[in-house]
Amino acid sequence: MNVVFRRMQKKDIRDVYEIELDLFDDCWSKASFLHEIKNSSYSFPFVLILNETIVGYCVCWFYQNELHIGNFAIKSDFQGKGLGKLLMEKIFELFPKYTEAYLEVDVSNNAAISLYLKFGFKILSTRKTYYENGEDALVMVKYN
Ligand SMILES: CC(C)(COP(=O)(O)OP(=O)(O)OC[C@H]1O[C@@H](n2cnc3c(N)ncnc32)[C@H](O)[C@@H]1OP(=O)(O)O)[C@@H](O)C(=O)NCCC(=O)NCCS
């Protein structure tokens, strides 16, 4: 099994967007991913590649030691195989000096919430009707 974790590049956007469209109702546009790739001073988009196939990606913002995970996903047919855990481990390996890490997650997204709790995230607050489908978001935080 050949696993590569690297910065997202322009050539990855087509595959990343296909996964994004499949997984999210209010998905990011191709232009949003391109913006993150270009906005390199504090934006860190990554892809996880398994045997030359993009199977996951994340977009992290790191600013003055505050880490924010803005997007995080594993391709549907590769879920439940430990790749979400691996992607999260890679993020924290890259930003060992973070003081706090934030993310938002749909209140009904039990798989993601379970993963985040395993990595030490705690629920900080709820954002009412945060998502386009009217669902609330949990804001989660992990302190270093
Ligand atoms: C959430 C997501 C990233 C998890 O990735 P994954 O590769 O499937 O997760 P893993 O196989 O690494 O499992 C890690 C942990 O996640 C949780 N988990 C994963 N699938 C789960 C499920 N179907 N039900 C409940 N918990 C689940 C478990 O806590 C699991 O730990 P365990 O194996 O010790 O039980 C993935 O399901 C996904 O991309 N979902 C769609 C997009 C999404 O919701 N992104 C997050 C937006 S905030």
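Analysis parameters
- Residues numbered from 1 in each chain as written.
- Predicted model: local features only at pLDDT ≥ 70, side-chain atom pairs only at ≥ 80, totals over all residues.
- Pairing = 2+ DSSP bridges.
- Helix = DSSP H or I, 4+ residues; strand = E, 2+ residues; numbered from the N terminus.
- Right-handed = clockwise from strand over helix to strand, strands pointing away.
- Buried ≥ 20, exposed ≤ 12 C-beta atoms within 10 Å, placed from the backbone.
- Contact = placed C-beta atoms within 7 Å.
- Axes fitted to C-alpha atoms, helices over the stretch in contact; angles between N-to-C directions.
- Parallel < 35°, antiparallel > 145°, perpendicular 65-115°, else oblique.
- Left-handed = near helix turned anticlockwise from the far one by under 90°.
- Nonpolar A, V, L, I, M, F, W, Y, C, P; charged D, E, K, R; others polar.

Draft legend 1. Seen up close, the pairing of strand β4 (residues 66-74). By the bridge criterion, 8 bridges tie strand β3 (residues 53-63) to β4 in an arrangement that is antiparallel. Counterpart to W61 in the pairing with β4 is H68. Here β3 hands over to β4 after 2 residues, with Q64 in that stretch at a positive phi of 50 degrees. As paired elements, β4 and strand β5 (residues 100-106) share 4 bridges and run parallel to each other. Across the sheet, the residue bridging to E66 is E100, located in β5. For the crossover that starts at β4, traverses helix α3 (residues 83-94) and ends in the parallel β5, the hand is right-handed.

Draft legend 2. Examining the environment of L87 more closely. Summarising the element assignment, L87 is placed in helix α3. Judged by C-beta crowding, with 22 C-beta atoms within 10 Å, L87 ranks as buried. Taking C-alpha positions, L87 is 8.5 Å from F72, a pair spaced 15 residues apart along the chain. Those residues within four positions of L87 in sequence are excluded, and the remaining contacts are L48, G56, C58, F72 and I74.

Draft legend 3. Just the packing of helix α1 (residues 13-23) against helix α2 (residues 30-38), in detail. α2 packs onto α1 with a crossing angle of 130 degrees between their chain directions and a minimal axis gap of 10 Å. Considering their axes alone, α1 and α2 lie oblique with respect to each other. α1 and α2 meet at a crossing whose hand is right-handed. Where α1 abuts α2, its residues I13, V16 and Y17 lie against K30, F33 and L34. Per-class residue counts for the contact of α1 with α2 are 5 nonpolar, no polar and 1 charged.

Draft legend 4. Region of the structure containing the environment of E100. The residue E100 is located in strand β5 in this model. Remark: the alpha-carbon pair of E100 and E132, spanning 32 residues in sequence, is separated by 27 Å. If we skip the residues at most four places from it in the chain, E100 touches E66, V141, K142, Y143 and N144.

Draft legend 5. View of unusual backbone geometry. In this structure, N65 is a non-glycine residue whose phi angle is positive, near 70 degrees. Within the secondary structure, N65 is located in the loop between β3 and β4. Its 11 C-beta neighbours within 10 Å are what place N65 among the exposed residues. A positive phi angle, near 40 degrees, is found at T129, a position not held by glycine. Structurally, T129 can be placed in the loop between β6 (122-127) and β7 (137-143). Residue classification places T129 among the exposed positions, given that 10 C-beta atoms sit within 10 Å.

Function cannot be read off these values alone, since they describe shape.
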